[in-house]
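Coordinates in review
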Amino acid sequence: MGTSVAENCLPIQPTFEAENWDFQDALNQGDFINLSNRNEPIKYIMYSNAQITDVYNCYRRDGNLLEFGYDTFEGNKTFNLIDPETGDSYSEIVPFINNIPYQFTNYSDELLHQGNNSFVYLIRSTASFLYFAAKEFGIFSNIIVKNNFTGGKLYVDGDEKNETELPFDLQTIVGNTHTFTAVEPQYVNNSHQIWNDTESPNSPKSSWQKFEADSNNPILKTQNISYNFTVETIDANATYVADMKEAHKVDKNYDTEFHGVVSQEPKYLVKYSSGNVIADQYIYPNGYPLVFGGWGDQIVPNNSRSRPINNINQDLEVNAN
């Protein structure tokens, strides 16, 4: 009957050297390998790994080196820097090949070097290809989130993103749920920005707008300051924009007889819009009741608590008595 294949095999080891390396080693070696600019991504991954591993010396099963000589070693380091068929460049693997010494003291030393060099590169390249494939098939989605002006801030899933992080590149997958929230008021680039929902009713409302990949046509998603949605395949490479409105600030002050100037929260009006500032009938500085007596500029009857602002084009300060 002959000898079985199992009898010729070495004993099964309880541990494997490959367990000594993981994703953290791959991160330390470098980022994802960019396959989106390769003409043949699959060939690039296979060929680059083959070229690196081909340079290492060959050992028999018993750990003794099969010496092929320096010429063979140098020959194994030779490869096409530019693929003659695809035009892809393999310059990225040159440092990994040049890092391989001509000889090792023993098999264990070479195995350790292979792990740190070629096996870690294999982890990186495998992860890079899976990431590339997920993006190509629409499983992963890169979504850009930003304001309709440069910088500022907004919230993505409850986390504040400031001017150094915007536009924010959200990497997600189909089926995930996200919430984008605009921030008002903001003072950016010497102008006030607000989410216009009630401030200037006769002016265009603010909204979250979506621009699909390679499209300049906005799709209105909601006029609420927060937008919650579930990622779909069509969201890949889309851009979500908080359509804020440039505004002017109207500071409302009360000139009182015995309590000085009492200020309240400012009102914002969309630039070039019109609106009204309403004075309180009573205010209570330090618990002392005061009644509204009129407007300082007297542009309206003293008994009117509604002070109109027309075609606003600058920040204002209005005073009530």
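Residues numbered from 1 in each chain as written. Predicted model: local features only at pLDDT ≥ 70, side-chain atom pairs only at ≥ 80, totals over all residues. Heavy atoms only, no water.

Let us now look at the overall build of the protein. A tally of regular secondary structure across the protein gives 6 helices and 21 strands. A globule of 321 residues ought to have a C-alpha radius of gyration of about 20 Å, yet the protein, at 34 Å, is considerably larger. Residues classed as buried in the protein amount to 37% of the 321 residues present. Of the contacts made within the protein by residues no fewer than 6 positions apart, 66% connect residues no fewer than 24 positions apart. Surface exposure of the protein reaches about 19,000 Å², of which carbon and sulfur atoms provide 49%. If the 20 positive side-chain charges of the protein are averaged to one point and the 42 negative ones to another, these points end up 9 Å apart. (Helix = DSSP H or I, 4+ residues; strand = E, 2+ residues; numbered from the N terminus. Rg over C-alpha atoms; globule rule 2.2 N^0.38 Å. Buried < 20%, exposed > 50% of the residue type's maximum accessible area, 1.4 Å probe, protein only. Contact = heavy atoms within 4.5 Å. Areas by Shrake-Rupley, 256 points an atom, 1.4 Å probe, with all protein chains shown as cover. Lys, Arg positive; Asp, Glu negative; His and termini not counted. Charge placed at Lys NZ, Arg CZ, Asp CG, Glu CD.)

Let's shift gears to the packing of aromatic side chains. Per the counting criterion, the structure on display carries 16 aromatic pairs. Each ring, one from Tyr44 and one from Tyr90, has its centre 4.9 Å from the other, and the planes form 10°; the classification is stacked. Here Tyr44 is found in helix α3 (residues 41-54), whereas its partner Tyr90 is found in the loop between α4 (70-76) and α5 (94-98), with 46 residues between them in sequence. Given a relative accessible area of 0%, Tyr44 falls into the buried group. A residue is classified by how much of its surface remains accessible, and Tyr90, at 0% relative accessible area, is buried. Pairwise contacts between aromatic rings join Phe180, Trp195, Trp208, Tyr227, Phe229 and Tyr240 into one cluster. (Phe/Tyr/Trp six-rings, centres within 6.5 Å; stacked < 30°, edge-to-face > 60°.)

Tallying each qualifying case throughout the model produces 9 salt bridges. Across the pair Glu92 and Arg38 runs a salt bridge, and its minimum N-O distance is 3.7 Å. In this pair, Glu92 is assigned in the loop between α4 and α5 and Arg38 in the loop between α2 (23-29) and α3, connecting sequence segments 54 residues apart. Among the residues examined, Glu92 registers a relative accessible area of 26% and is labelled partly exposed. Among the salt bridges present, the one from Asp243 reaches Lys245, with a minimum N-O distance of 3.0 Å. Assessed through its relative accessible area of 16%, Lys245 is described here as buried. Here the residues in one salt-bridge network are Arg38, Glu92 and Arg124, joined through shared partners. (Salt bridge = Lys/Arg side-chain N within 4 Å of Asp/Glu carboxyl O.)

This part takes up the side chain of Asp235. Take Asp235: it is sitting in the loop between β12 (226-230) and β13 (239-243). We classify Asp235 as buried; its relative accessible area is 3%. In this structure the side chain of Asp235 is engaged in a polar contact, spanning 2.9 Å, whose partner is the side chain of Lys210. Only 2.8 Å separates the side chain of Asp235 from the backbone nitrogen of Glu232, close enough to count as a polar contact. Apart from the residues within four sequence positions on either side, Asp235 is in contact with Ser141, Asn142, Ile143, Lys210, Phe229, Thr230 and Tyr240. (Polar contact = N/O pair within 3.5 Å; in protein donor to acceptor, adjacent residues only side chain to side chain.)

Let's shift gears to the environment of Ser274. Locating Ser274 in the fold gives a position in the loop between β16 (267-270) and β17 (275-278). Setting aside chain neighbours within four positions, we find Ser274 in contact with Ile309, Asn310 and Asn311. Among the polar contacts listed, one links the side chain of Ser274 to the backbone nitrogen of Asn311, at a separation of 3.1 Å.

We now examine the sheet that holds β12. Spatially, the 4 strands line up as an open sheet ordered β5-β4-β7-β12, and their pairing is antiparallel. Each edge of the open sheet is held by one strand with a lone partner, namely β5 (159-161) and β12. Averaged over all adjacent pairs, the angle separating strand axes in this sheet is 25°, with direction ignored. (Pairing = 2+ DSSP bridges. Axes fitted to C-alpha atoms, helices over the stretch in contact; angles between N-to-C directions.)

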